[in-house]
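# A look at the structure
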Amino acid sequence: MTKFDGENRIETDARVRKSNMKPVRPLRGRFSHERVKALLIDIHGEEEFKAMQEGGVDKRMMFGTNPHYQALVMGEELRDLDGNLLVPQMPPSKSIGALILPRLNETTSLEGAKDPSNQMNFTPQDNQFHGKLLHKYDEIVLGYASPVCSAHCRYCYRLDLFNKDTGKTGIRPEELRDYVLNYNETLKKNGNVDPETGDRRYPVREILLSGGDPMVLTNPMLYRFIAAAGQAGVNILRIGSKEWAFRPERFDEHFTDMLEIIHEQYPTLHINMVSHLSHPDEFLMRDANGNYIPNENGAGYKWMEMSEQAVRRVLKLGFVSIENQTPIISKVNDDVESLRILHEEARRLGIKPKYLFQGRDIEGHKAFSLPVEKAWEMHRDAMKGLSDTARSRFSMSTEWGKMEVVSVIDGLKLPENIILPLPVRQAIEALLGDGLVIMRAHRSPHEAETQHDLVIAKRNPEALWISGYEDRILYDSRHGAENKYSGLIQMLMAAIDTNTFEKLIKDIDGQVANDEIVEELPKIAAE
């Protein structure tokens, strides 16, 4: 059982064993690193490598990969030190190569945020937990359990954690436990009400281990974090990880044995693994022509053995579930068929697709992000033919919460034979002529005041983030009740010429009531 010392330190159960993985040599460093330099010149050529070096691409983010993922990118066979096959030889994958390989245009524009979605606004501001955790939604606390990953996604939105740019730092298991216990106890004493605002608030029921990647931690350290969740009394412990793609061999028997020890000690704790599978090439077998290989005796495609074993091994545990989420990234997974197969195959093996995200507005995001409306269209088409259990939501994880992009509506083109007063026609065309984007607050921070409310904006085919719509929003649930329609009113005023507007609001007798003005509108518009 768990032991405590004088500081309530969580000790690892003696039965927990380290991962059975054989040691591997990762490849990580700036462009001056000889092995990095040799690999990138081999892939990009001398001229492009030199241009990236001069453009400071590695200063924005160092290069990082590991043998498993590199073998997939390069089309090479990989075996461990005992000769066991980890990655079969297949054609090189340009799609997943684009996920980790530097791009020349990464530094062409460094527009974007060091701290995307202003996450530091949602960390405790004045105590020992500052920068160590994120408490944006009442019911869940995110802890930065690891500052590193086994490979580097070029579009990573936690670059500020690696570079120590914004104050984010790692948290100890005991700190994460104590924060949740203290928060829930204080909330209970206050009757589940915020004493400053009087709003109903909700206890923490989930802990999310993030980073970096928690699965690069050893099993003994992971045990301590999961035990911390058990001691905090939460319902669910989530672990977000890209290791399902980077190193599926990490999910070995020693890992699942550790989870069973946890379950023995904390039987009411559910463990939710959040995989970050981005493209089918990360887990499916391909033939010499790069085509996925159908299963001979059943539905779907053949998975690589290590990847399939990892999923099946973990899902044998009845207290563990797996959900998948990934951003849609230019040159990685920006095609409909790959997205459909990703969702379909993940669901077939028991992984529930959850989110497909718009790429975050990181510094340099223009090199990776698709326009929101194009990404929405791809997601819409990829969901066709899939049952509801295999579908995901297309969302933006913004400062104001997770905004699901519900619909993109074509513009209204008024036929000439429809006779309308000119001011009315002008107003309709100004508001609806470009079409509309409908966003719904799927999750909203703190007291969840705006949850399920909408943001409605005129279309902008060039927008890469919600910021691309700020000057064209008609209805905005992020503002107070009195200001939700302020954008609509301002656009109406801009669409109607000054003389007509003055007529609309002019007091005919000096004291015309609002209902009388409404009665006058058709007459004034007809003039």
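The model shown is predicted, which means the values in this text are computed figures rather than measured ones.

Let us look at the confidence of the model for the protein chain. With 93% of its residues at a pLDDT of at least 70, the protein chain reaches an overall mean of 92. With pLDDT under 50 throughout, residues 507–515 is counted as low confidence; its partners more than four residues away or in other chains account for four contacts. Confidence drops under pLDDT 50 across residues 520–527; counting only partners more than four residues distant or on other chains, this segment forms nine contacts.

Turning to the sheet that holds strand S9 (residues 270–275), a few remarks are in order. Across the sheet, which stays open at both edges, the twelve strands sit in the order S5-S6-S7-S8-S9-S10-S11-S12-S13-S14-S15-S16 with mixed pairing between neighbours. Only two strands of the sheet have a single neighbouring strand rather than two, namely strand S5 (133–137) and strand S16 (473–476). Each strand axis lies, on average, 25 degrees off the axis of its neighbour in the sheet, ignoring direction. Bridging between strand S12 (residues 393–398) and strand S13 (residues 401–409) involves four bridges; their strand directions are antiparallel. Each residue of the ladder has a partner; that of serine 395, found in S13, is glutamate 404. Packed on one face of the sheet, helix H11 (residues 305–315) meets S9, strand S10 (320–328) and strand S11 (351–358) and runs near 135 degrees to S10.

This part is about the pattern of salt bridges. In total, this model carries 42 salt bridges according to the counting rule given. Put simply, glutamate 11 and arginine 9 hold a salt bridge, and the shortest N to O gap is 3.0 Å. For glutamate 337, the salt bridge goes to arginine 340, with nearest N and O atoms at 2.7 Å. Taken together, the residues span about one helical turn, with glutamate 337 and arginine 340 both in helix H12 (residues 336–348) at a distance of three residues. Where salt bridges share partners, they join Glu377, Arg380, Asp381 and Lys384 into one cluster.

Quick notes on the rules
- What you see as residue numbers is a count from 1 along each chain, following the sequence as written.
- Where local features are concerned, this predicted model is filtered to residues with pLDDT of at least 70; where side-chain atom pairs are given and counted, the filter is 80 or more; whole-chain, interface and lining totals use all residues.
- The side-chain figures draw on all heavy atoms in the structure; neither hydrogens nor water molecules are used.
- The predictor attaches a confidence to each residue, and that confidence, scored 0 to 100, is pLDDT.
- In this description, contact between two residues means that some pair of their heavy atoms is separated by no more than 4.5 Å.
- Strand pairing is assigned whenever DSSP identifies at least 2 bridges connecting the two strands.
- Secondary structure counts use DSSP, requiring at least four H or I residues in a row for a helix and at least two E residues in a row for a strand, with both numbered from the N terminus.
- The axes are straight lines fitted to the C-alpha atoms, using for helices just the contacting stretch, and the angles between their N-to-C directions are given from 0 to 180°.
- When a carboxyl oxygen of Asp or Glu lies within 4 Å of a side-chain nitrogen of Lys or Arg, that pair is called a salt bridge.

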